[in-house]
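Listed below, chain by chain, are the residues.
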Amino acid sequence: CGGGTLDSAVAELAHMRRNNSSRGHGKGHTTMQQKMLWAYLCANALGYLHSQSPPLVHRDLKPQNVLVMNDPGRTCKLSDFGVSRSIKTPLVPGEKGSSSQLSTRVVTVAYMPPVCLRTLGLTEAVNNQTTADIVSGEKWDVYSLAVVLSFLLSEQHPYSGQRDAELVHGVVEDGLRPETAGMEPRLAALVSRMWSAEPADRPSAANVARAFADGVT
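Reading the values: the criteria
Residues numbered from 1 in each chain as written. Predicted model: local features only at pLDDT ≥ 70, side-chain atom pairs only at ≥ 80, totals over all residues. Heavy atoms only, no water. Helix = DSSP H or I, 4+ residues; strand = E, 2+ residues; numbered from the N terminus. Buried < 20%, exposed > 50% of the residue type's maximum accessible area, 1.4 Å probe, protein only. Contact = heavy atoms within 4.5 Å. Areas by Shrake-Rupley, 256 points an atom, 1.4 Å probe, with all protein chains shown as cover. Core = buried A, V, L, I, M, F, W, Y, C linked by side-chain atoms within 4.5 Å. Pairing = 2+ DSSP bridges. Axes fitted to C-alpha atoms, helices over the stretch in contact; angles between N-to-C directions. Parallel < 35°, antiparallel > 145°, perpendicular 65-115°, else oblique. Nonpolar A, V, L, I, M, F, W, Y, C, P; charged D, E, K, R; others polar. Disulfide = S-S within 2.5 Å. Expected span 1.5 Å × (residues − 1). pLDDT = per-residue confidence, 0-100.

**A word on the overall build of the protein chain**
Each helix and strand in the protein chain was counted, giving seven helices and six strands. Helices and strands appear in the protein chain in the N-to-C order β-α-α-β-β-β-β-α-β-α-α-α-α. Counting across all 217 residues of the protein chain, residues that qualify as buried make up 47%. For the protein chain, long-range pairs separated by at least 24 residues make up 69% of all intrachain contacts whose partners lie at least 6 apart in sequence. As displayed, the protein chain has an accessible area near 11100 Å², and 50% of this comes from carbon and sulfur atoms.

In structure tokens, the structure reads:
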């Protein structure tokens, strides 16, 4: 791709913005336009994957798995559709007598939705996928995208400095989420819906893409 990852691209944008600000050049609008393009392209790519039959899900969406192209528009693409693994877990955390297998991979804790964090440490390899959508793969991706958007707009990695155990407890038990301070109200409301604790309350990736296409900010 030649352009690195979203992680490195955001760091580059932040560096350019700071330099331009110190020189008195206003490049903030251009920077936001680029970020909104990346947000739309990520959501649109997920929407395409989820529209397949059966739906394709990523389940490890994070800035390091978004490749930024070296084209004039600095577009981006999703990457790292790696080896899947399984989590044996109850259909609903705490529900008795219900066991199934969830296809997943070793993912980054900060980008996992609450119901998936409850299953940490129970992974093992499998050859097939039975009730793989007990935690809707599509809504898992939407939650992860919300955390990516928080990183993209704040230029700060989520939950910086927190240990995994603290993070898991905070997200699952206390409703901890990354900051939305500084986001436009409509965008903050969209992101808050995307990382809702209830998967059913999250919009589809296609609807998120439409919101960005219509100018959510």
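There is more to say, and it comes next.
**Some remarks on the nonpolar core**
In globular proteins that are soluble, nonpolar side chains generally tend to be buried together. Formed by 51 residues in total, the largest nonpolar core has its most connected members in Leu6, Trp38, Leu145, Leu149, Met194 and Phe212. Excluding its chain neighbours within four sequence positions, the residues that come into contact with Met194 are Val142, Tyr143, Leu145, Ala146, Leu149, Arg202, Pro203 and Val208.

**Quick notes on the pairing of strand β2 (residues 66-69)**
Remember that side chains alternate between the two faces of the sheet whenever the strand is regular. In this structure, β2 lies alongside strand β3 (residues 76-78), joined through three bridges in antiparallel fashion. Note on β3: the bridge partner recorded for Leu67 is Lys77.

**Concerning the packing of helix α6 (residues 185-194) against helix α7 (residues 205-213)**
Two numbers describe a pair of packed helices, the interaxial angle and the distance between the axes. Where α6 contacts α7, the two axes come as close as 12 Å, and the packing angle between them is 175 degrees. Judged by the inter-axis angle, α6 sits roughly antiparallel to α7. Along the contact surface, α6 presents Leu187, Leu190 and Met194, while α7 presents Val208, Ala211 and Phe212. Split by residue class, the contact of α6 with α7 holds six nonpolar, no polar and no charged.

**Comments concerning helix α5 (residues 164-174)**
One turn of an α-helix holds 3.6 residues; hence residues three or four places apart share an orientation. Every buried residue belonging to α5 is among Leu167, Val168, Gly170, Val171 and Val172, and all of these are buried. Looking at the buried positions of α5, the neighbouring elements they touch are α3 (114-117) and α4 (137-154). Downstream of α5 by a residue or two, Gly175 has a phi angle that is positive, lying close to 70 degrees.

**Section: the side chain of Lys62**
Its place among the elements puts Lys62 in the loop between α2 (28-50) and β2. Excluding residues that lie within four positions of it along the chain, Lys62 makes contacts with Thr108, Tyr111 and Val148.

**Overview of the environment of Trp140**
Within the secondary structure, Trp140 is located in helix α4. With relative accessibility at 1%, the residue Trp140 sits in the buried group. The spatial distance from the C-alpha of Trp140 to the C-alpha of Pro199 is 7.6 Å, given a sequence separation of 59 residues.

**Observations regarding unusual backbone geometry**
Look at the link from Ser53 to Pro54: it is a cis peptide, with omega at -5 degrees. Structurally, Pro54 can be placed in the loop between α2 and β2. Positive phi outside glycine occurs at Glu155, with the angle close to 65 degrees. Considering the arrangement of structural elements, one finds Glu155 in the loop between α4 and α5. Judged by its relative accessible area of 15%, Glu155 is buried. Phi at Tyr159 takes a positive value of approximately 55 degrees, unusual for a residue other than glycine.

**What to know about the state of the cysteines**
Under the definition given, this model contains zero disulfides. Here Cys42 stays free of any disulfide, with the sulfur of Cys76 as its closest cysteine sulfur at 4.0 Å. When its relative accessible area of 2% is taken as the criterion, Cys42 is described as buried. We classify Cys76 as buried; its relative accessible area is 9%.

**A look at α4**
Under the 1.5 Å per step criterion, the end-to-end length of α4 is 26 Å for 18 residues, consistent within 8% with the ideal 26 Å. When you tally the buried positions in α4, you get 16 out of 18 residues, the bulk of the element.

**Remarks on the confidence of the model for the protein chain**
Here the protein chain averages 79 in pLDDT, and 73% of its residues register 70 or above. When mean pLDDT is compared element by element in the protein chain, α6 scores highest at 96, while strand β4 (residues 85-90) scores lowest at 34. Here residues 83-106 is a poorly scored stretch, pLDDT under 50, and it has 67 contacts once near neighbours within four places are set aside; other chains count. Low pLDDT, under 50, characterises residues 121-134; the predicted model gives this stretch 27 contacts beyond four residues in sequence or across chains.

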